Amino acid sequence: MSMKKVVIAGGSGLLGSRLTEVLLEKDYHVAWLSRKADRAPNVEVFEGNVREGHIDPKALEGAQAVLNLAG
């Protein structure tokens, strides 16, 4: 069985970073959508800016869930 992938917009924020920790502990593959080059261990980061209408399409490949926690 392959890992479940969750994409989080706003993953580097207070709620997103804690949720990322929990998901990683449960063996999820976590990806962040970010306007800047945020980095975190064991997290894949993709460029995305909803206001400008741009999201890297690779970010959504294989995702079971997309969460928007961006402020």
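Heads up: the structure comes first, above all this text.
All of these numbers come straight from a predicted model, not from anything done at the bench.

A. Structural context of the nonpolar core. Among the nonpolar cores identified, the biggest contains eight residues, and these are Val-6, Ile-8, Leu-23, Val-30, Trp-32, Ala-40, Val-43 and Val-45. Among the nonpolar cores identified, the runner-up in size contains six residues, and Val-7, Ala-9, Ala-31 and Phe-46 belong to it.

B. View of the pattern of salt bridges. By the definition in use, this model includes one salt bridge. A salt bridge links Arg-18 to Glu-21; the shortest N-O distance between them is 3.0 Å. You can see Arg-18 and its partner Glu-21 sitting in helix H1 (residues 14-25), three residues apart, about one turn around the helix. On the accessibility criterion, Glu-21 (43% relative accessible area) is partly exposed.

C. Structural context of a nonpolar patch on the surface. Taken together, the side chains of Val-50, Ile-55, Leu-60 and Val-66 define a hydrophobic patch exposed on the protein surface, amounting to about 350 Å² of accessible area. When its relative accessible area of 65% is taken as the criterion, Val-50 is described as exposed.

D. Geometry of the sheet that holds strand S3 (residues 43-49). Overall, mixed pairing links the five strands, which are arranged S4-S3-S2-S1-S5 in an open sheet. Each edge of the sheet is formed by a strand with only one pairing partner; in this case those strands are strand S4 (54-55) and strand S5 (63-68). Sheet strands touched by H1: strand S1 (5-9), strand S2 (29-34), S3 and S5. Its angle to S1, the strand with the most contacts, is close to 170 degrees.

E. Local environment of H1. For H1, spanning twelve residues, the distance from its first C-alpha to its last is 17 Å, which sits close to the expected 16 Å at 1.5 Å a residue. On the buried face of H1, the contacting elements are S1, S2 and S3. With its phi angle positive at about 65 degrees, Asp-27 sits one or two positions after the end of H1.

F. View of the pairing of S3. Most of S3 is tucked away, with five of its seven residues classed as buried. Across five bridges, the pairing between S2 and S3 is parallel. In the sheet register, Ser-34 faces S3, and the bridge partner there is Glu-47. Relative to S4, S3 runs antiparallel, the two sharing two bridges. Along S4, the bridge assignment pairs Asn-49 with His-54.

G. Focus on the side chain of Thr-20. Structurally, Thr-20 can be placed in helix H1. In this structure, Thr-20 is in contact with Ile-8, Gly-11, Val-30, Trp-32 and Val-43, ignoring residues within four places of it in sequence.

Reading the values: the criteria
- Residues numbered from 1 in each chain as written.
- Predicted model: local features only at pLDDT ≥ 70, side-chain atom pairs only at ≥ 80, totals over all residues.
- Heavy atoms only, no water.
- Core = buried A, V, L, I, M, F, W, Y, C linked by side-chain atoms within 4.5 Å.
- Buried < 20%, exposed > 50% of the residue type's maximum accessible area, 1.4 Å probe, protein only.
- Salt bridge = Lys/Arg side-chain N within 4 Å of Asp/Glu carboxyl O.
- Helix = DSSP H or I, 4+ residues; strand = E, 2+ residues; numbered from the N terminus.
- Patch = residues over 30% accessible without salt bridge, like charges linked within 9 Å, V, L, I, M, F, W, Y side chains within 5 Å.
- Areas by Shrake-Rupley, 256 points an atom, 1.4 Å probe, with all protein chains shown as cover.
- Pairing = 2+ DSSP bridges.
- Contact = heavy atoms within 4.5 Å.
- Axes fitted to C-alpha atoms, helices over the stretch in contact; angles between N-to-C directions.
- Expected span 1.5 Å × (residues − 1).

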